[in-house]
Amino acid sequence: LDILEHNLSTPTYKWNEDHTKCFMILTCSYGCGIVKENEGHVKVEKVEASCEKDGYIKYTGTFDISGSETLEYTEPIVKTGHKYGEVKYTWNADYTKCTAKQVCENDETHIVEGTVDAVITTVEPTYDAKGKKTFTATFTKEGFKAQVHETEIPALNHEYEEVKYEWNADHT
């Protein structure tokens, strides 16, 4: 029998395992075992996942035969989540403010940062000991640690005036 004399059934469709190929299968309803398999065209659209949004790979299969279905299969790509690197701390010139900054390793435009005023404590110097000024920056954001900077204050010097000698009128 010529294939035109076969009564081909309503088509069934299938994908290969990795969805890079699609097929339309027609089987003769007379039971003669004739099967016609047509390979379609596959278009792949990929949207990458980000830290905050899921992505996907969408496979669209089409066939050159009029009236055939369009196949679609979408494979989800789970969002990556943030992966923040090491916290970098920066003091301003006079140590009255400290900034903490973390950059996401998955997307460098995702930044977590905060700036706080330092609490300043001073131990005044004496003639016998140096003093110090302590700047403490305490952060409330999770993952940021308190930072401390200390500066030394020199000990006080005794300031003596120049020694002057004066003789009494009788030079004694």
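Quick look at the structure, then. What you see is a predicted model, and the numbers here were worked out from it, not measured in a lab. (Residues numbered from 1 in each chain as written. Predicted model: local features only at pLDDT ≥ 70, side-chain atom pairs only at ≥ 80, totals over all residues. Heavy atoms only, no water.)

## Observations concerning the overall build of the chain
- When its secondary structure is counted, the chain shows zero helices and twelve strands.
- For the chain, the sequential pattern of α-helices and β-strands runs β-β-β-β-β-β-β-β-β-β-β-β.
- Radius of gyration (C-alpha) of the chain: 40 Å, far over the 16 Å computed for a compact globule of 172 residues.
- Overall size of the chain, expressed as C-alpha extent along the three principal axes, is 155 × 25 × 20 Å.
- Sequence separation of 24 or more characterises 34% of the internal contacts of the chain that already satisfy a separation of 6 or more.
- Of the roughly 13,100 Å² of accessible surface on the chain, a fraction of 49% belongs to carbon and sulfur atoms.
- In the chain, 18 positive and 31 negative side-chain charges are present, and the distance between their average locations comes to 3 Å. (Helix = DSSP H or I, 4+ residues; strand = E, 2+ residues; numbered from the N terminus. Rg over C-alpha atoms; globule rule 2.2 N^0.38 Å. Contact = heavy atoms within 4.5 Å. Areas by Shrake-Rupley, 256 points an atom, 1.4 Å probe, with all protein chains shown as cover. Lys, Arg positive; Asp, Glu negative; His and termini not counted. Charge placed at Lys NZ, Arg CZ, Asp CG, Glu CD.)

## Focus: the nonpolar core
- Within the largest apolar cluster, seven residues are counted, these being V87, C98, A100, V116, A137, F139 and F144.
- Apart from residues no more than four positions distant in its own chain, V87 is found in contact with A100, K101, Q102, G143 and F144. (Core = buried A, V, L, I, M, F, W, Y, C linked by side-chain atoms within 4.5 Å. Buried < 20%, exposed > 50% of the residue type's maximum accessible area, 1.4 Å probe, protein only.)

## Some thoughts on the sheet that holds strand β7 (residues 88-91)
- Taken in spatial order, the three strands line up as β7-β8-β9 in an open sheet, and their pairing is antiparallel. Two strands lie at the open edges of the sheet, namely β7 and β9 (111-117), each paired on one side alone. Between one strand axis and the next, the sheet turns by 15 degrees as a mean value, whatever way the strands run.
- Bridge analysis of β7 against strand β8 (residues 97-103) gives four bridges, and the strand direction is antiparallel. Bridging across to β8, W91 finds its partner in C98. (Pairing = 2+ DSSP bridges. Axes fitted to C-alpha atoms, helices over the stretch in contact; angles between N-to-C directions.)

## Some words on the packing of aromatic side chains
- With the rule as written, the count across this model stands at seven aromatic pairs.
- Centre to centre, the rings of W15 and Y59 are 6.4 Å apart; their planes meet at 65 degrees, and the pair counts as edge-to-face. Here the residue W15 occupies a position in strand β1 (residues 12-15), and Y59 occupies one in strand β5 (residues 55-62), the gap between them amounting to 44 residues.
- Overall, Y59 belongs to the buried group, its relative accessible area being 9%.
- Taken together, the ring pairs in this structure connect W15, Y59 and Y73 into an aromatic cluster.
- For the cation-ring pair, K14 lies above F23, with the distance from its terminal atom to the ring centre recorded as 5.8 Å. (Phe/Tyr/Trp six-rings, centres within 6.5 Å; stacked < 30°, edge-to-face > 60°. Lys NZ or Arg CZ within 6 Å of the ring centre and 35° of its normal.)

The values reported here are purely geometric and, on their own, carry no functional implication.
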